[in-house]
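Summary of structural features
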Amino acid sequence: MKAVGIILAGTKKSRLEVLASHRNSAAMPVGGSYRVIDFALTNFSYSGVKTIALISQYNTRSLADHVSSSKWWNLGRKNSGIYLFTPDMLNSDTLSFKGTADAIYQNIEFLKKSSEKYVIISPSDHIMRIDYREVLKYHVEKKADITVVYKNMPEIDARNYGTLELDEQYRLTDFEEKPLEPQTTNISLGIYVIARELLIKLLEDLANEGRTSIADDIITRYRKKLRIYGYKFEGYWQALKDIDSLYATNLDFLNPDMRDEIFEKYSYVLTKAKDDPPVKYSQGCNVKNSILNGGDVINGTVHDSVLSRKVFIGEGSYIKNAIIMEGCTIGKGTVVENAILDKSVTIGDGKQIIGTPDNIKVIPKGQII
Amino acid sequence: MQKKEMIAMLLAGGQGSRLGALTTQIAKPAVMFGGKYRIIDFPLSNCVNSGIDTVGVLTQYEPLTLTKHIGIGIPWDLDLTHGGVTILSPFVTGKQGEWYSGTANAIYQNIRYIDSYNPEYVLVLSGDHVYKMDYAQMLNYHKQKGATATIGVIEVPMEEASQFGIMNTDSDLKVIEFEEKPAQPKSNFASMGIYIFNWKTLRKSLVEDKEIHPDSDFGKHIIPSLLNAGEPLFAYPFKSYWKDIGTIEAYWKANMELAYVVPEFNLYDDYWSIYTNSDNFAPQFISNTANVSHSLISKGCEIEGEIYNSIISPNVRIEKGCVIKDSIIMQGTIIKSGSILDKCIVSENSVIGDNVRIGHGEDIHNHDKPHVYNSGISVIGAYTTIPDNVGIGKNCEIVGNTTHEHYPNGYLPSGNSVVLKGGI
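All figures in this text were calculated on a predicted structure; none of them were measured in a lab.

**Examining the domain arrangement of chain A**
Residue and element names in this part refer to chain A.
- If you check the domain split of chain A, you get domain 1 (3–265) and domain 2 (280–363).
- Tallying the contact residues gives 19 residues for domain 1 and 20 residues for domain 2.
- Carbon and sulfur atoms make up 67% of the area that domain 1 and domain 2 hide from each other, which totals about 1500 Å².
- A per-residue breakdown of the area domain 1 buries against domain 2 is headed by Gly32, Tyr247 and Leu254, which together make up 39% of the total.
- Our enumeration of links across domain 1 and domain 2 arrives at zero salt bridges.

Shown next, in the form of structure tokens:
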């Protein structure tokens, strides 16, 4: 593979509320046994991208912990690995990254030292499986300067995303970031392929002009000057933008077609090994349509839910439509419905934690009820 | 080079012939246990948790699954630049090759490996046992006693003592006599096959014994010769869970016990984790049609049928309408819709067709191997296929890609075997 990868894990997701108050959104647990960054790392790893810069700035502790060894993603070889870059205090201007382009510019030495011909830029909070070898092939065939991966999504509100207008050859004619009046349903997935030398030049030009954003200052501004193409992605895609999308994405894992696409079709999703024992189902427990993980002990009823590792469910408890993260303990005769429990929540006997599908109840990390 | 105080030599070459079809393609230490584990994970994890970072694994019988499982030792943090895990297989020297002919002979043939770490002590282990043990405590004991060799022992019921190697000791636990399977046992201290030796003494003894016994064995030769030489040998009594899973019934029972509410052997403690090599599978999914009770289920499983009182390894698929009861299903096996399995062990990567019924019939011992299959449990080997709509009795053994012709009238009666030599 002739590309290095860049994962942008810098933005603060205030709409993930208490779940993101103590962790970087890229380290958000999802699907029972993953952090959302695992999907970006696995896609790179299986596409043969061996060197990855992970650029981040908020609450990086849990993210740094997760990627502290790159061997879990088959990286970390003599000439490869995951490099975590956080803001350095070079001078009074560089305390934080001011935008996507600025974040890469401040780490431009990484690009200059690399020898690969291309760079693939990916967001950190997307759940999808994509083979970048195909995208790169397309990029070369189209003789593109930049390729933007997009998905046609008439069902979502395009006002929250970047939109691409394309001609018949899939060449970009217009790009709008968070348009007030969307003209198209082609949504940018924030994945870009670009030649490394070109990216270095663009970033240096941008920096001289005090510009900081890839979407606004490169894609929109250069849409006529450069050959920018759209690559249509048709698989499953979700971004963890807010509580509702986190909840919906987790429940999507209960769908067999989706599980097949995410876990079987290409490869397993790689993550840090946890060494948990198998799940223990007690006499008289009742589990339906749910995902469970290592170290769970189930004595009660679990329906339509996603349980992370090391969750204990007491006798007579009823769990429905719930996302329960690592290390939670639920006592006896307790009801948890339409809720997300962050890590290490303890709920005593006979309690009721009940939300509605429109108003998911969220219990923050470590709370004892 | 940095000296290692103690290194471990893990004997993993045994076949375990009384495990029947479970070990036709897989060495006993690589047989799965407790869902996601393989037996060797227990001694290997014990080593790491005891602070031993250099382990030689001696393989001989059917080593493929075992060697692939261990790899370079990543799951046990044994991928080190100095030390770590090394697979030691028999080799050719000069023009002659030699198999490992006995437990001590196997160590003898790897003297150069041990010497390269210049250790003070060598821990000799068997890859056949399930237990959690802190070898560092045993080493402390060994040093306190000023022993040349310390032998791990476990108290067994007196009436079973005649099946074990028995250590007779004085009140200070100093070994005064060793008896292999004595008819009239004087003690119930059974050797666990766990030894700590002062390397200098052991090395000398191995070299000397090689000239006398070409099949040099620890229990039969080395321990008696050290005793005769007047060396101080001590017994180290171990007072926790330890299982030698020698027979199909013992294997089945030890697995089943893990599903108890508070099992004697607890896998759910953080203090002494057991590490293995199976962690990137998908999460397990229990469907709307499933019903699971009193069972252990591992990563990557898709469960659509009913499972009672069973142990399921990773990546197993159980389709709709299946009823799995009192059974053990190993990694990568598929059980197709409507099959009913009762008291049955299915080894790895096998396929059971639609509407198959196993474990149904009279409880008569296996005709060919009555000493192996006599507990009512039927065993399906690894990489085996069972066609649709057939019935299989109790104490049956099936290995290979069987077709309808192997099941006259669609039924294999209790006590019968179908063992097909696999073509490549």
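**Concerning the interface of chain A and chain B**
- Across the contact, 36 residues belong to chain A and 40 residues belong to chain B.
- Put simply, Arg259 of chain A and Glu302 of chain B hold a salt bridge, and the shortest N to O gap is 2.9 Å.
- Put simply, chain A and chain B have 16 residue pairs in polar contact (both at pLDDT 80 or more) between them.
- Of all the secondary structure elements, the ones that give two or more residues to the side of chain A that touches chain B are helix H9 (256–264), strand E14 (279–281), strand E15 (286–288) and strand E16 (290–292) of chain A.
- A breakdown of the residues in the side of chain A that touches chain B according to their chemical character gives 17 nonpolar, ten polar and nine charged.
- Relative to strand E16 (residues 284–286) of chain B, E16 of chain A runs antiparallel, the two sharing three bridges. Considered in E16 of chain B, the bridge of Leu292 of chain A is made with Gln284 of chain B.

**Digging into the pattern of salt bridges**
Residue and element names in this part refer to chain A.
- For the structure on display, the rule yields 34 salt bridges over all chains.
- The salt bridge involving Lys201 is made with Asp205; its shortest N-O contact spans 3.1 Å. You can see Lys201 and its partner Asp205 sitting in helix H6 (residues 196–208), four residues apart, about one turn around the helix.
- Classification of Lys201 as partly exposed rests on a relative accessible area of 49%.
- The exposure class assigned to Asp205 is partly exposed, which follows from its relative accessible area of 25%.
- Put simply, Glu209 and Arg211 hold a salt bridge, and the shortest N to O gap is 2.9 Å.
- With relative accessibility at 45%, the residue Glu209 sits in the partly exposed group.
- The exposure class assigned to Arg211 is partly exposed, which follows from its relative accessible area of 31%.

**Side note on the nonpolar core**
All names here are of chain B.
- By size, the foremost hydrophobic cluster in this structure holds 75 residues, and its most contacted members are Tyr135, Tyr251 and Ile345.
- In terms of residues, this core owes the most to one element, helix H8 (residues 248–257), which gives five residues.
- Not counting residues within four places of it along the chain, the set of residues in contact with Ile345 comprises Leu22, Ile248, Tyr251, Trp252, Ile328, Met330, Ile377, Ser378, Val379 and Ile380.
- Ranked by size, the runner-up nonpolar core spans 51 residues in total, among them Cys301, Ile312, Cys322 and Ile398.

**Focus on the sheet that holds strand E17 (residues 291–293) of chain B**
- Reading across from one edge, E17-E20-E23-E26-E29-E32-E34 (chain B) is the order of the seven strands in this open sheet, with parallel pairing throughout. Two strands close off the open sheet at either side, each with one partner strand: E17 and strand E34 (411–412) of chain B.

What counts, and at which threshold
- Residues numbered from 1 in each chain as written.
- Chains lettered and ligands numbered in written order.
- Predicted model: local features only at pLDDT ≥ 70, side-chain atom pairs only at ≥ 80, totals over all residues.
- Heavy atoms only, no water.
- Domains from an automatic or database assignment.
- Contact = heavy atoms within 4.5 Å.
- Buried area = accessible area lost by both parts, 1.4 Å probe.
- Salt bridge = Lys/Arg side-chain N within 4 Å of Asp/Glu carboxyl O.
- Polar contact = N/O pair within 3.5 Å; in protein donor to acceptor, adjacent residues only side chain to side chain.
- Helix = DSSP H or I, 4+ residues; strand = E, 2+ residues; numbered from the N terminus.
- Nonpolar A, V, L, I, M, F, W, Y, C, P; charged D, E, K, R; others polar.
- Pairing = 2+ DSSP bridges.
- Buried < 20%, exposed > 50% of the residue type's maximum accessible area, 1.4 Å probe, protein only.
- Core = buried A, V, L, I, M, F, W, Y, C linked by side-chain atoms within 4.5 Å.

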